[in-house]
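What follows is each chain in one-letter form.
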Amino acid sequence: AELAARVEQTARELAHSYSSLSATGGKIGNAVRTLAQRHEGRATFDLSGLPEVHLGGSTAPHLHRIVQESVTNAMRHGSATHIRIALKTESPLWQLIIEDNGSGFYPSQTPPGLGLQTMAYRAAQIGGALRVEKNAGGGMRVTCEFPPAS
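Residues numbered from 1 in each chain as written. Predicted model: local features only at pLDDT ≥ 70, side-chain atom pairs only at ≥ 80, totals over all residues. Heavy atoms only, no water.

Trainee: Help me understand the side chain of Gln68, please; the structure alone is not making it clear to me.
Mentor: Among the secondary structure elements, Gln68 is positioned in helix α3 (residues 59-76). Within polar-contact distance, the side chain of Gln68 engages the side chain of Arg65 at 2.5 Å. (Helix = DSSP H or I, 4+ residues; strand = E, 2+ residues; numbered from the N terminus. Polar contact = N/O pair within 3.5 Å; in protein donor to acceptor, adjacent residues only side chain to side chain.)

Here it is in structure tokens:
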């Protein structure tokens, strides 16, 4: 029963992801804002560092799914109540950063689950890399570095 519920939830998230991105024409900022609105009441979101940029090809869907998985993990496993999502576009490699105030974990001491493995795969698919770190003050920081032209 639990597996069936998780499969159904994943299917819903995929549908929301692609409909959000289609409605925004591949603009990641608006799609992430829609995602944050769906979680309103469960966590607060700081999206002030999220500019509205168009990302072509498969970049936007991959980044959106990385954000979805990070948010889900932060709330489900870390009991996060505040999540900050930012996109830094000023260096040769752009950075998508998701930080939370949850309980966190030490990635070097915990084998990656399917969600983290899939996020790393998605980052690689757009020519990027994923880094998952425990914040010194608690919570997690997920960073996806990728080339802007991917």
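Trainee: For this particular structure, what's the right way to read the packing of aromatic side chains?
Mentor: Aromatic ring pairs are described here by two measures, namely the spacing of the ring centres and the angle between the planes. A full pass over the atoms with the stated rule returns 1 aromatic pair. Residues Trp94 and Phe146 carry aromatic rings whose centres are separated by 6.1 Å and whose planes lie at 75° to one another, so their mutual orientation is edge-to-face. Remark: Phe146 occurs in strand β5 (residues 140-146) and Trp94 occurs in strand β3 (residues 94-100); sequence separation between them is 52 residues. We note that Trp94, like Phe146, is buried. Its end group placed over the ring of Tyr106, Lys134 keeps NZ or CZ at 5.4 Å from the ring centre. (Phe/Tyr/Trp six-rings, centres within 6.5 Å; stacked < 30°, edge-to-face > 60°. Buried < 20%, exposed > 50% of the residue type's maximum accessible area, 1.4 Å probe, protein only. Lys NZ or Arg CZ within 6 Å of the ring centre and 35° of its normal.)

Trainee: Got a minute to help me understand the pattern of salt bridges in this structure?
Mentor: Pairs may arise between side chains of opposite charge once their charged atoms sit close together. Following the criterion strictly, the structure yields 4 salt bridges and no others. Across the pair Glu52 and Arg33 runs a salt bridge whose closest N-O atoms are separated by 3.6 Å. Of the two residues, Glu52 is situated in the loop between β1 (44-46) and α3 and Arg33 in helix α2 (residues 28-38); the sequence distance between them amounts to 19 residues. Its relative accessible area of 35% is what places Glu52 among the partly exposed residues. Here Glu99 makes a salt bridge to Arg141, at a shortest N to O gap of 3.0 Å. Of this pair, Glu99 sits in strand β3 while Arg141 sits in strand β5, placing them 42 residues apart in sequence. (Salt bridge = Lys/Arg side-chain N within 4 Å of Asp/Glu carboxyl O.)

Trainee: Got a minute to help me understand the nonpolar core in this structure?
Mentor: The nonpolar side chains of soluble globular proteins are, as a tendency, buried together. Ranked by size, the top nonpolar core spans 31 residues in total, and within it Leu63, Ile83, Ile85 and Leu96 carry the most contacts. When contributions to this core are tallied by element, the ones reaching two or more residues are α2, α3, β2 (82-88), β3, α4 (114-125) and β5. With 7 residues, the top contributor of residues to this core is α3. Once residues lying within four places of it in the same chain are set aside, the contact partners of Leu63 are Ile28, Leu55, Leu96, Ile126, Cys144 and Phe146. (Core = buried A, V, L, I, M, F, W, Y, C linked by side-chain atoms within 4.5 Å. Contact = heavy atoms within 4.5 Å.)

Trainee: Can you walk me through the environment of Leu47 in this structure?
Mentor: For Leu47, the position within the fold is in the loop between β1 and α3. If we skip the residues at most four places from it in the chain, Leu47 touches Val32, Arg33, Ala36 and Ile85.

Trainee: How should the side chain of His62 be read in this particular structure?
Mentor: Positionally, His62 belongs in helix α3. Those residues in contact with His62 that sit more than four places away from it in its chain are Arg122, Gln125 and Ile126.

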